[in-house]
Amino acid sequence: MQGKHILLGVTGGIAAYKSADLVRRLRERGAEVQVAMTPAAREFVGPITFQALSGRPVRIDLWDSAAEAAMGHIELARWAELVLIAPASADFLARLAGGKADDLLSTLCLATEAPIAVAPAMNRIMWGNAATAANVALLRQRGVHVLGPAEGAQACGEVGEGRMLEPQDLADRLAELLPRDGPLRGRRVLITAGPTRERIDPVRFISNRSSGKMGFAVAQAAREAGAEVVLVSGPVALPTPHGVRRVDVESAQAMLEAVQREIAQANIFISTAAVADYRPASPAEQKIKKTSDRLHLDMERTVDVLATVAARPERPFVVGFAAETESVEQNARGKLLNKNLDMIAANEVGHTKGFDCEDNHLVVLWRNARQDLGSGPKLALARELVRLIAESYTASLTGARHLDTVRA
Ligand SMILES: Cc1cc2nc3c(=O)[nH]c(=O)nc-3n(C[C@H](O)[C@H](O)[C@H](O)COP(=O)(O)O)c2cc1C
């Protein structure tokens, strides 16, 4: 965190006293901390406490004529490399979700391009309220990182979910969210991973053997390379890589919709998911009974997520994955050309290969070039692949359309 600019927003909740300790923890790790408080927060902790701990005057008032002569709220919004609201009151979450800009803190949240994280803290019933739940879901959808809350004893005497995470925990989680140095710093990468499930009836589905391990490894590698990463994942049993925002989906259609919501902000799209090509045309409303010897399922095509992204007029740099059981490179090259991708990673899958195992073998293809990454653990291959993606993407920005043309 050395030298990183963290803007700490403090809103009106009992947990505001813990934020004083949070400032110390962040400063201990070398961060520069600027505190901005809502007027309500001042009722709980005095600004002098935060000023003494942060070493900077606290900002509260949007109508501060000295600061606003130089458009202070915009300056703060630009200065921040990360904005953390801790504690985030129910009221503030509602204002943030509603796009309000009626005080200094909400205005600068609207004006910043830095990642925003919130640490909600409130009574368990306020947290469980449908309005708060809807606001938090909307904020998550828009890319706000929601840290906590934790469960336990509350200041109001109740026990339940709604406690702010402890300062030490918050400082750890923040370290993962800070923009990192690396070839993809400042870039947004959208990755799909895992299988999809296509409903047959309320209790059955059609799926495939993808474990999501390769996609999760690529997400981790992209994050390590400095990118802001969104991972749209089908149903898998894997932990989310640190600092990655995860969106869980089930069906091919839900994956398409999640990708379409996120794609406009993405510089690079990497499709590792094993999306179903077909789904039952009319899933049964009730469980299908075993009344006959044979069951025929009428299947229809799903929309091709990768091809849809690659066909967008304003498209990101697009990387595909080809999982093939035969003629691996030939099929992958066909997919690269037919879907108009920038790069494709080919791997052989089958009874003992590719799916649901720790190792893989990748061959990367461009229109006029090829590189065999060999066999190895998925994370090692993912790091190598991300290095190549960063190189090709950067080359595409400078006019040389692909890495192969740069190499030539
Ligand atoms: C003693 C007291 C404690 C409060 N604690 C909380 C709290 O923990 N969480 C919360 O969301 N609101 C809490 N509130 C309500 C907020 O302070 C109130 O909604 C306020 O408008 C929040 O303003 P702000 O979001 O601009 O900071 C509390 C109010 C009082 C009087």
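Residues numbered from 1 in each chain as written. Predicted model: local features only at pLDDT ≥ 70, side-chain atom pairs only at ≥ 80, totals over all residues.

Our next topic: the overall build of the chain. Across its full length, the chain carries 15 helices and 19 strands. Against the compact-globule benchmark of 22 Å for 408 residues, the chain has a radius of gyration of 24 Å, which places it among compact chains. Going through the 408 residues of the chain one by one, you find that 43% of them count as buried. Within the chain, contacts between residues at least 6 apart in sequence are counted, and of these 67% link residues at least 24 apart. (Helix = DSSP H or I, 4+ residues; strand = E, 2+ residues; numbered from the N terminus. Rg over C-alpha atoms; globule rule 2.2 N^0.38 Å. Buried ≥ 20, exposed ≤ 12 C-beta atoms within 10 Å, placed from the backbone. Contact = placed C-beta atoms within 7 Å.)

Interaxial distance between helix 1 (residues 16-28) and helix 9 (residues 167-177) falls to 9 Å at its minimum, and their mutual angle equals 45°. With respect to helix 9, the axis of helix 1 lies oblique. As for the relative orientation of helix 1 and helix 9, their crossing is right-handed in sense. Contacts between helix 1 and helix 9 involve Lys18, Asp21, Leu22, Arg25 and Leu26 from the first element and Pro167, Gln168, Leu170 and Ala171 from the second. Class assignment for the residues of the contact of helix 1 with helix 9 results in five nonpolar, one polar and three charged. (Axes fitted to C-alpha atoms, helices over the stretch in contact; angles between N-to-C directions. Parallel < 35°, antiparallel > 145°, perpendicular 65-115°, else oblique. Left-handed = near helix turned anticlockwise from the far one by under 90°. Nonpolar A, V, L, I, M, F, W, Y, C, P; charged D, E, K, R; others polar.)

Time to look at unusual backbone geometry. That bond from Ala86 to Pro87 is cis: its omega, 0°, falls within 30 degrees of zero. Inspection of the secondary structure puts Pro87 in strand 3 (residues 82-88). Pro149 follows Gly148 through a cis peptide bond whose omega is 5°. Relative to the elements of secondary structure, Pro149 occurs in the loop between strand 5 (145-146) and strand 6 (150-153). The backbone of Ser327 shows a phi angle near 40°, a positive value even though the residue is not glycine. By the element assignment, Ser327 lies in the loop between strand 16 (317-324) and helix 13 (328-338). Unusually for a residue other than glycine, Asn340 sits at a positive phi of about 55°. Topologically, Asn340 is positioned in the loop between helix 13 and strand 17 (343-348).

A separate point is the pairing of strand 16. With respect to burial, strand 16 is a largely interior element, seven of its eight residues being buried. One ladder, built from four bridges, connects strand 13 (residues 268-271) with strand 16; its direction is parallel. In the sheet register, Ile270 faces strand 16, and the bridge partner there is Val319. Two strands pair when backbone bridges link them, and strand 16 and strand 17 are joined in this way by six bridges, in the parallel orientation. (Pairing = 2+ DSSP bridges.)

Next up on the list: the site of the ligand. Neighbouring the ligand are 15 residues, the closest being Thr11, Gly12, Gly13, Ala40 and Ser89. The dominant element in the shell around the ligand, judged by the number of residues it contributes, is helix 5 (residues 90-97), at three residues. The residue inventory of the shell around the ligand, partitioned by class, reads nine nonpolar, five polar and one charged. (Near = placed C-beta within 6 Å.)

This paragraph deals with the confidence of the model for the chain. Per-residue confidence for the chain gives a mean pLDDT of 91; residues scoring 70 or more make up 95%. Confidence drops under pLDDT 50 across residues 402-408; counting only partners more than four residues distant or on other chains, this segment forms 20 contacts. (pLDDT = per-residue confidence, 0-100.)

A sheet is described by the order of its strands in space; here eight strands give the open sequence 12-11-8-13-16-17-18-19, paired in mixed fashion. On the outer flanks of this sheet lie strand 12 (245-248) and strand 19 (370-377), each paired with one strand and no other. The sheet shows a mean angle of 15° between the axes of neighbouring strands, taken without regard to direction. Pairing analysis gives four bridges linking strand 8 (residues 188-193) to strand 13, with the strands arranged parallel. In the sheet register, Thr192 faces strand 13, and the bridge partner there is Ser271. Across the face of the sheet, helix 10 (residues 213-224) comes into contact with strand 8, strand 11 (228-233), strand 13 and strand 18 (359-365) while running at roughly 165° to strand 8.

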